[in-house]
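# Observations on chain architecture
Listed below are the residues making up each chain.
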Amino acid sequence: MSELYTEVQKLKQQYPDPDSAMLPALRLAQEKHGYLSPEALRECADALGTTPAVCEAVASFYDMLHLAPIGRHMVEVCTNVSCALVGAQQVLEQFEQELGISAGETTPDGEVTLRPIECLGGCGWATIVSVDHHYRTHVQPGDVPQIVQELRNGD
Amino acid sequence: MATELVLADAGDRDLTKLAEYEAVGGYAALAKARGMAPQAVIDEVIASELRGRGGAFFPTGRKWAFIPKPDQNPNPHYLVVNADESEPGSFKDNEIMARVPHRFIEGCLITAHAVESTSVFVYIRGEYTGPYEVLVAALEELRTRDDILGGVTIVLHRGAGAYICGEETALLESLEGKRGQPRTKPPFPAVEGLDRSPTVVNNVETMATVPQILRLGGAEYAKLGVPDSRGTRVVSISGHVKRPGNYEIENGTSMRSLIYDLGGGITDDRDLKAVIPGGSSTVILRYDEIDVGYDFNSLAALKTAMGSAGVVVLDDRCCMVQLGIRISEFYEHESCGKCTPCREGTRWMTQILRRLEAGEAEQHELDLLLDVCDRINGKCLCPLGETAAIAVASYVDKFRGEFQQHVDEAGCPFGAESPLHNVLAPVAMHTHSPVATVPA
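Residues numbered from 1 in each chain as written. Chains lettered and ligands numbered in written order. Predicted model: local features only at pLDDT ≥ 70, side-chain atom pairs only at ≥ 80, totals over all residues.

### A few points about the overall build of chain A
- Counting its regular elements, chain A contains 7 helices and 4 strands.
- Along chain A, helices and strands appear, N-terminal first, in the series α-α-α-α-β-α-α-β-β-β-α.
- Considered along the principal axes of its C-alpha atoms, chain A spans approximately 50 × 35 × 25 Å.
- Within chain A, residue pairs in contact and separated by at least 24 positions form 53% of the contacts whose partners lie at least 6 positions apart. (Helix = DSSP H or I, 4+ residues; strand = E, 2+ residues; numbered from the N terminus. Contact = placed C-beta atoms within 7 Å.)

Okay, structure coming up:
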């Protein structure tokens, strides 16, 4: 049995109905496979005792679950109102320029995916940029080259 | 004005540490509550007149009282905490969980005692890695403290990115491992919630307020604030202010004071144009409407609300049509698709607003926009589409001249001068099948 299978069996016990383990299981599968590939959905379904179709139907509802390949790093720029008011669009455009891609794309080397995202709940610390799901606060266009450099230097 | 209960002592101490929290009397309210009968705890919260801090403002004690007693319903009872804060403009629960995790957990444990539950599920939005890690560490510190946990299990359940999961029945669906689409009500969660069992769903700030109510006593807490809006509120101030951030205020503090005293006034000393008072779902206020108390009744008199306490300040450069586009695009993106008026209506709203901004809209389309809004209102299972419609209609209502100008001048009088010009929203990244254009 895979580690994921064992982990999901433990998760199931936390809930009154084991089906509740769906989201955490999808999260684990995505972490393991990089995205929710057909193989990832299969493994998830086996661990949950359901079908890949059920897993895919749920996964397709959620913004953080990816049914298509993404970069090893994820850069998400909040462009909702509070961030936009202080220049989020300019931050997003700076990332596009620095990475040489348009928002919504992944760099050709498969390293970084860039996308705008809806309100991240950090409006008072705008602009919020979520880098691999950790928030950078008060980001300005001038900060972008360093963030990209850190990603490029990373593992 | 700075009356801190929820965030009390967090400025001086690192209250993420159990020892620090206990040093300021942490978990004493829990011990007090456990010495009381569950009904007595509910009565204390009813006496405090606490109302839910998530947005709907429902009286918390009354909500708890709806939960059947164990002899009336033998199913397990659940406490589900809504930590799916996603309302544009709101970031208070983020800071509450990150800075006073133990006060939040103490509130959960007191509430569990009141509704006779031993299972707490905290549904925390998937993007909140920071607060999640703080809560994990706090629960780890409590693992050996059965005197505090008292046999109650607390499960942190992470969302996966969906605004709609902040709606309580959508949250329950999501927690059950499904797509987060709202349920029909009734049955209400108090009767059939998680796993069809009695469930109370409360907001993070509500939970973090409960220990202070037990400590002070309900009557004492109710002395703070104004009628129908007792106690304190953590208000998120953002946008064009000099000092954005979360501020805990006594309910009833004036909006002007929030913007000019706490917020430090408008950035670069520009003129105020408008303020969104309670998150993106609320009716906007014009610059000349801010001499109003930040409380339920005062804002209701202006047909708006405190909502989730997200105050977004806009200066005089902002175009209200552009604001409408960005807000409408948000709701279009987050509509779960279950109810047609919301799914199609939000998309139509965006289309008309985009035509207005581009100078392509004809006169009748202004009325068409309001007509679309009207046809969403009250016709869906949950308030998502309705709040989009109410918010956008309020921009038209309060800035009609500006919308008219877009028609008359065949374009935007602000253009790129407005910071909301050409902002890329996630919904614009998606490819839609070209089925739905607004019928003329």
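After presenting the structure, the write-up continues.
### Observations concerning the sheet that holds strand 2 (residues 112–117) of chain A
All names here are of chain A.
- Read across the open sheet, the 4 strands follow the order 2-1-3-4; overall the sheet is mixed. For this open sheet the edge positions go to strand 2 and strand 4 (134–136), each flanked by a neighbour on one side alone. Strand-to-strand, the axes of this sheet are offset by a mean angle of 25 degrees, without reference to chain direction.
- Summarising the sheet, strand 3 (residues 129–131) and strand 4 pair through 3 bridges and their orientation is antiparallel. Among the inter-strand pairings, valine 129 is bridged to a residue of strand 4, identified as arginine 136. (Pairing = 2+ DSSP bridges. Axes fitted to C-alpha atoms, helices over the stretch in contact; angles between N-to-C directions.)

### As for the domain arrangement of chain A
- When cut into domains, chain A gives domain 1 (3–59) and domain 2 (73–153).
- Here domain 1 of chain A and domain 2 of chain A have C-alpha centroids that lie 29 Å from each other. (Domains from an automatic or database assignment.)

### What about the domain arrangement of chain B?
All names here are of chain B.
- By domain assignment, chain B separates into domain 1 (18–223), domain 2 (226–315) and domain 3 (320–429).
- On the side of domain 3, 7 residues touch domain 1, which itself brings 9 residues to the contact.
- Looking at the side of domain 1 that touches domain 3 residue by residue, the class counts come to 5 nonpolar, 3 polar and 1 charged. (Nonpolar A, V, L, I, M, F, W, Y, C, P; charged D, E, K, R; others polar.)

### A closer look at the environment of Leu323(B)
- Positionally, Leu323(B) belongs in helix 14 (residues 320–334).
- Residues Leu323(B) and Leu353(B), 30 residues apart in the sequence, show an inter-C-alpha distance of 9.6 Å.
- Beyond its immediate sequence surroundings of up to four residues, Leu323(B) is in contact with Val81(A), Cys318(B), Tyr395(B) and Leu420(B).

### Some details on helix 1 (residues 3–12) of chain A
Residue and element names in this part refer to chain A.
- Taken residue by residue, helix 1 has Val8, Leu11 and Lys12 as its buried positions. The arc that holds the buried residues of helix 1, viewed along the axis, is 95 degrees, so those residues lie on one side. Facing away from the buried side of helix 1, by more than 90 degrees, are the exposed residues Glu3, Thr6 and Lys10.
- Looking at the buried residues of helix 1, the elements they touch are helix 2 (22–33) and helix 3 (38–48). (Buried ≥ 20, exposed ≤ 12 C-beta atoms within 10 Å, placed from the backbone. Arc of directions from axis to C-beta.)

### Side note on the interface of chain A and chain B
- If you look at the interface, chain A gives 45 residues, while chain B gives 54 residues.
- When residues of the side of chain A that touches chain B are traced back to their parent elements, those giving at least two are helix 2, helix 4 (52–59), helix 5 (81–85), helix 6 (88–99), strand 2 and strand 4 of chain A.

### Topic: the sheet that holds strand 4 (residues 199–203) of chain B
Residue and element names in this part refer to chain B.
- The strand order across the open sheet built from 4 strands is 3-2-1-4, with neighbouring strands paired in parallel fashion. Whereas interior strands pair on both sides, the edge strands pair on one side only; in this sheet they are strand 3 (153–158) and strand 4. If you compare each strand with its neighbour and ignore which way they point, the axes differ by 20 degrees on average.
- In terms of strand pairing, strand 1 (residues 78–83) meets strand 4 through 5 bridges, oriented parallel. Bridging across to strand 4, valine 81 finds its partner in asparagine 202.

### Regarding unusual backbone geometry
- Cis geometry is adopted by the peptide bond preceding Thr127(A), which originates at Ala126(A) and carries an omega value of -5 degrees.
- Note that Thr127(A) resides in the loop between strand 2 and strand 3.
- Cis geometry is found at the peptide bond from Lys185(B) to Pro186(B), where omega equals -5 degrees.
- With respect to the helices and strands, the residue Pro186(B) is situated in the loop between helix 9 (168–175) and strand 4.
- Even without being a glycine, Asp9(B) presents a positive backbone phi close to 70 degrees.
- With respect to the element layout, Asp9(B) can be found in the segment before helix 1 (18–23).
- Overall, the presence of 17 C-beta atoms within 10 Å leaves Asp9(B) in the partly exposed class.
- In this structure, Asp195(B) is a non-glycine residue whose phi angle is positive, near 50 degrees.
- Among the structural elements, Asp195(B) can be located in the loop between helix 9 and strand 4.
- Assessed through the 18 C-beta atoms surrounding it within 10 Å, Asp195(B) is described here as partly exposed.

### Quick look at the packing of helix 3 (residues 38–48) of chain B against helix 6 (residues 101–114) of chain B
All names here are of chain B.
- Between helix 3 and helix 6, whose axes approach to 8 Å, the crossing angle comes to 120 degrees. Relative to helix 6, helix 3 is oriented oblique. For the pair helix 3 and helix 6, the contacting residues are Pro38, Val41 and Ile42 in the first and Ile110, His113 and Ala114 in the second.
- Grouping the constituent residues of the contact of helix 3 with helix 6 by class yields 5 nonpolar, 1 polar and no charged. (Parallel < 35°, antiparallel > 145°, perpendicular 65-115°, else oblique.)

### Regarding helix 14 of chain B
- In this model, helix 14 of chain B (15 residues) spans 21 Å end to end at C-alpha, consistent with the 21 Å of a helix rising 1.5 Å per residue.
- Most of helix 14 of chain B is tucked away: 15 of the 15 residues are buried. (Expected span 1.5 Å × (residues − 1).)

### Some thoughts on the nonpolar core
- The biggest cluster of nonpolar side chains holds 186 residues, and the ones touching the most others in it are Ala25(A), Leu26(A), Val80(B), Val81(B), Val275(B) and Val392(B).
- Sorting elements by how many residues they give to this core places helix 17 (residues 384–398) of chain B first, with 9 residues.
- When residues no more than four places from it in sequence are discounted, the contact partners of Val80(B) are Phe121(B), Tyr123(B), Leu171(B), Leu172(B), Leu175(B), Gly193(B), Leu194(B), Thr199(B) and Val201(B). (Core = buried A, V, L, I, M, F, W, Y, C linked by C-beta atoms within 7 Å.)

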